[in-house]
Amino acid sequence: MPFSIIMHPEGFDLLHGDVSMLSHRNDAPAISIGSGRPDLDMVRGNFRVDDVVETRLPLDCFVQVDGCIRLWNAKRPDVVATLVLEERALQSILTFRCTDPAFNRLWIDMQCATSEAFWGGGEQMSYLRLNGRRFPFWTSEPGVGRDKSTALTQTMDADGLAGGDYWTTNYPQPTWVSSARYAVHLETAAYSVLDLTDAGRVGVECWSANVDLELFDAPSLPALVTKMSDRFGRQPALPDWAISGAIVGLKDGVDTFDRFEKIAASGAAITGLWCEDWIGIRQTSFGKRLFWDWKWNAARYPDLPAQISALAERGIRFLGYVNPYLAVDGSLYQEARAVNFLALRQDSDEPYAVDFGEFDAGVVDFTNPAAAAWFADRIIGQKMLDFGLSGWMADFGEYLPTDVRLFDGSDPMEAHNRWPVLWAKVNADAIASRGKTHDATFFMRAGFSGEQAHCPLLWAGDQCVDFTPDRRIDAPLD
C-alpha cells in the first residue's frame, strides 16, 4: 500500500511509502475547519473572488475509532470532523467529512521535500512548474494581459475585471503531480486553492469541509499520468479529416465562399470551412456579435445547405459555432422557457438573464437531465448535425453565475466549476446520438475535472495577440 496512516500518541502521519506527506499533532494541527461566505463580483465571465472567513478552528484533539480518525477543537467538541483512508484499485482515498453543515471551509497543510517539483492545476497558461505560487481553481475568462504590473492589464481590470492574473484560466483542475511520483486530486467542484508559496509546504484550501483527497502513486511519471487518465478518462480521438489539412476560419456572410475559393485555389490541403457567423450577427457598440439563436440564418447565408453539400463532395467539412446560452430575443429561448428548461432567479420563478454586453441570454439548466437532452437533440442534433455540420466551437462554459437557482437544487458556487463538464457531455451526447462519435467533432476552451472523457479538442482561449515575450517567465519569484 503506497499510502498509509501511522498513529502517534499526540497525532498521526500520512505517509507516501516511508515519507511523511502530512504530520498532524495536537500542538501543531495540520488540519483546520471553519465557516466563511464568498464575496464575488462577475462581469462577463471575469470574476473577483474574495472570502469572508467567520470561523477557523484548528483541530487540536483526536481519537481513532475503528479505523476512523475523529478530530475536533478543544473549545468546540460539538463540531467533529472525520478522516478515513481507503484503498481503491487506482488510488487511495482520504475522505474528510464534517458533522456540522455550517462549517464550509477546510485547510490542510501537507509536507514536501524542498527539492520536490509540482505540475498540473489544469490548463495553467503562465507557468508550467507550480512551485512558489498560489493557484486558485475557478473556471473563468483567462484575462487580457495577465500581468498586473502592465498598463494593458490595469486598463482591462478597470473595464469589467478583464485583466486577469497569472492563475486565471478557462480550465482549472485541482490536481497536482509531484516529481516524487505521486499525485493528489481534490474530488470537489468547490472553489479551492493550492498554495506552494513556501518551500516544504503544500497548502490546500477548500470552500467545502466535505471533500475527498485522491492519492495516486506509480513507479514513473508516465505511469502516473496513465493511471490518472484511467481515473478521469481519455480524450476521444479526433476524426481523420480534422488533422489531414487546414480548417479555414471565415465569417463574412455571403462573401465567405468567394474568399474560400481563392484560398482553395492555392492548392493547399483543406479539410474544413469554419463559419462562426452561420447563425447570424447582431450589431453592438462593441462591434459585430453572433446572434445566439442556434440555427441557420438564411439571410446571412442564403444558399448554405447546397454549399455544405458541394463542399462535402470535395471532402471538405463545414463547421459552425454554439454556446450553452440562448439570446432572449431568439426563438429557441422561447422554446426552452415554455418547458421550464432555463435556470431561474433566486427571488422569483423568472428565468435568470445574463448580461453579455447589450443583450441578455438565458441559461439552459444542464442539471435538469431533460434540459440537457433537449439541447443535445433539439439544437445540436437537429439544428446542427442533421443540417450538415461536422464540427463546431462549443464556446463558453465558464460563465455560470453564482446566484442562479438550479433544477437539482445544487449550490451554484459548486455548479459553476462543474458547468464546463456538463456542457462537454451535452456536445458528446449529441454526436453519439447521431452515430458520429468518430466523424463529427467539437472544440472547447472551458473545462474542469472529468471533461477529458468527453471533449476531443481544446484551445487556449483568448490571449494577447502579439508575440511579445512575457517578461515574468524568467523573472525571479516575487
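The structure under discussion appears in the preceding block.
Notes on the structure in this doc start here. Keep in mind that this is a model prediction, so the values were computed, not measured.

**Focus: the packing of helix H5 (residues 331-338) against helix H6 (residues 369-385)**
Working step 1: Packing of H5 against H6 brings their axes to within 12 Å, and their N-to-C directions diverge by 150 degrees. Here H6 runs roughly antiparallel to H5, going by the angle between their axes. The two elements H5 and H6 cross, and the hand of that crossing is right-handed. Contacts between H5 and H6 involve Leu332, Glu335 and Ala336 from the first element and Trp374, Arg378 and Ile379 from the second.
Working step 2: For the contact of H5 with H6, the residue count by class is 4 nonpolar, no polar and 2 charged.

**Overview of the sheet that holds strand E9 (residues 92-98)**
Working step 1: Reading across the sheet, the 8 strands line up as E6-E7-E8-E9-E17-E14-E13-E11 and stay open at both edges, with antiparallel pairing between neighbours. The open sheet has two free edges, formed respectively by strand E6 (61-65) and strand E11 (118-122), since each of these has just one partner strand. Within the sheet, the average angular offset between the axes of one strand and its neighbour, ignoring direction, is 20 degrees.

**Re H6**
Working step 1: Taking 1.5 Å as the rise per residue, H6 with 17 residues should run 24 Å; its terminal C-alpha atoms sit only 21 Å apart, a clear shortfall.
Working step 2: Of all the residues in H6, the buried ones are Ala371, Ala372, Trp374, Phe375, Ala376, Ile379, Ile380, Gly381, Met384 and Leu385.
Working step 3: Those residues of H6 that are buried lie in contact with strand E22 (317-322), strand E23 (325-327), H5, strand E27 (391-394) and helix H7 (412-433).
Working step 4: N-cap assignment for H6: the residue whose side-chain oxygen lies 3.0 Å from the backbone N of Ala370 is Asn368.

**With respect to the nonpolar core**
Working step 1: Within the largest apolar cluster, 72 residues are counted, with the highest numbers of intra-cluster contacts made by Trp292, Trp294, Phe318, Leu326 and Phe375.
Working step 2: Among the elements that take part in this core, H6 stands out by supplying 9 residues, more than any other.
Working step 3: Ignoring anything within four residues of it in the chain, the contact list for Leu326 reads Trp292, Trp294, Leu332, Tyr333, Ala336, Asp360, Ala361, Gly362, Val364, Trp374, Phe375 and Ile379.
Working step 4: In this structure, Leu14, Cys98, Leu186 and Ala209 belong to the second largest nonpolar core, which totals 46 residues.

**Quick word on the side chain of Gln173**
Working step 1: Inspection of the secondary structure assignment puts Gln173 in strand E13 (residues 172-178).
Working step 2: Residue Gln173 is classed as buried on the basis of its relative accessible area, which comes to 6%.
Working step 3: Residue contacts for Gln173: discarding those within four places in its chain leaves Gly121, Gly122, Phe137, His185, Phe232, Phe448, Ser449, Gly450 and Gln452.

**Side note on the pairing of strand E18 (residues 246-249)**
Working step 1: The sheet contact formed by E18 and strand E19 (residues 270-274) spans 4 bridges and is parallel. Following the sheet pairing, Ala246 is matched in E19 by Ile270.
Working step 2: Handedness of the E18-helix H3 (residues 256-264)-E19 crossover: right-handed.

**A look at the packing of aromatic side chains**
Working step 1: Applying the stated criterion to the full structure yields 29 aromatic pairs.
Working step 2: Ring geometry for Trp374 versus Phe375: centroids 6.4 Å apart, planes at 80 degrees, classification edge-to-face.
Working step 3: Take Trp374: its relative accessible area is 14%, and that puts it in the buried class.
Working step 4: Its relative accessible area of 0% is what places Phe375 among the buried residues.
Working step 5: The rings of Trp292, Trp294, Tyr321, Tyr325, Phe356, Phe359, Phe396 and Tyr399 are connected pair by pair, giving a single aromatic cluster.

Criteria and thresholds
- Residues numbered from 1 in each chain as written.
- Predicted model: local features only at pLDDT ≥ 70, side-chain atom pairs only at ≥ 80, totals over all residues.
- Heavy atoms only, no water.
- Axes fitted to C-alpha atoms, helices over the stretch in contact; angles between N-to-C directions.
- Helix = DSSP H or I, 4+ residues; strand = E, 2+ residues; numbered from the N terminus.
- Parallel < 35°, antiparallel > 145°, perpendicular 65-115°, else oblique.
- Left-handed = near helix turned anticlockwise from the far one by under 90°.
- Contact = heavy atoms within 4.5 Å.
- Nonpolar A, V, L, I, M, F, W, Y, C, P; charged D, E, K, R; others polar.
- Pairing = 2+ DSSP bridges.
- Expected span 1.5 Å × (residues − 1).
- Buried < 20%, exposed > 50% of the residue type's maximum accessible area, 1.4 Å probe, protein only.
- Polar contact = N/O pair within 3.5 Å; in protein donor to acceptor, adjacent residues only side chain to side chain.
- Core = buried A, V, L, I, M, F, W, Y, C linked by side-chain atoms within 4.5 Å.
- Right-handed = clockwise from strand over helix to strand, strands pointing away.
- Phe/Tyr/Trp six-rings, centres within 6.5 Å; stacked < 30°, edge-to-face > 60°.

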